[in-house]
Amino acid sequence: MKMIDVTNSHSKLVEKQLENTDAKYVRVYSLGKTTVIFTEANTHIEILLINKMRNVQSTEVEFVLDFFKRHQKLAFNRDDVEVIHLKGAVEMSIAVHPELSH
């Protein structure tokens, strides 16, 4: 699996997220047919995986979590990750602990 940063192709989405939420950082990635939206705020991180063709697979969820731990150097415990499975999407919410931050 490979994630490609496609944020520049989603400038309106990023702009709306920054204007209408507490987000301070937004990136959009492509994971094949799955779109990954990463949003970081002061107290939490939201990661949304969307696939309009099928349900998001558990291997994709694990890959994305590992990707952000490695490439964004996020420090979080798996117990801090709340995962909600929806039809064609998975939403992950991660509490940010200042003592674990970059």
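What you see is a predicted model; the values in this text were computed from it and never measured. (Residues numbered from 1 in each chain as written. Predicted model: local features only at pLDDT ≥ 70, side-chain atom pairs only at ≥ 80, totals over all residues. Heavy atoms only, no water.)

## Brief notes about the environment of I94
By secondary structure assignment, the location of I94 is in strand β6 (residues 89-95). Sequence separation of I94 and D80 is 14 residues, and the distance between their C-alpha atoms is 5.5 Å. Ignoring sequence-local partners within four residues, the contact set of I94 consists of T43, H44, I45, I47, L65, F76, D80 and V81. (Helix = DSSP H or I, 4+ residues; strand = E, 2+ residues; numbered from the N terminus. Contact = heavy atoms within 4.5 Å.)

## What to know about the packing of aromatic side chains
Centre-to-centre distance and the angle between the planes together describe a pair of aromatic rings. Going through the model one piece at a time under the given rule, you end up with five aromatic pairs. Ring centres of Y25 and F38 lie 6.0 Å apart, and the angle between their planes is 80 degrees; on these two criteria the pair is classed as edge-to-face. Highlighted residues: Y25 in strand β2 (residues 25-31) and F38 in strand β3 (residues 34-40), separated in sequence by 13 residues. Judged by its relative accessible area of 30%, Y25 falls in the partly exposed class. Aromatic pair Y29 and F67: ring centres 5.5 Å apart, planes at 70 degrees, arrangement edge-to-face. Here F67 lies in helix α2 (residues 58-71) and Y29 lies in strand β2, a separation of 38 residues in the sequence. Assessed through its relative accessible area of 6%, Y29 is described here as buried. (Phe/Tyr/Trp six-rings, centres within 6.5 Å; stacked < 30°, edge-to-face > 60°. Buried < 20%, exposed > 50% of the residue type's maximum accessible area, 1.4 Å probe, protein only.)

## Topic: α2
An ideal rise of 1.5 Å per residue puts 20 Å on 14 residues; α2 measures up with 20 Å between its terminal C-alpha atoms. Taken as a whole, α2 has its buried residues at E60, V61, F63, V64, L65, F67 and F68. If you follow the buried residues of α2, they end up packed against β2, β3, β4 (44-50), β5 (81-86) and β6. (Expected span 1.5 Å × (residues − 1).)

## Side note on the sheet that holds β2
The sheet built from six strands is open, its strands ordered β1-β2-β3-β4-β6-β5 with antiparallel pairing. The strands lining the two open edges of the sheet, one partner per strand, are β1 (4-5) and β5. Sheet topology note: the β5/β6 ladder contains six bridges and is antiparallel. Within β6, the residue paired with V81 across the bridge is I94. Where helix α1 (residues 11-20) meets the sheet, its contacts fall on β2 and β3, and the angle it forms with β2 comes to roughly 145 degrees. (Pairing = 2+ DSSP bridges. Axes fitted to C-alpha atoms, helices over the stretch in contact; angles between N-to-C directions.)

By themselves, these are just geometric observations and shouldn't be taken as functional.
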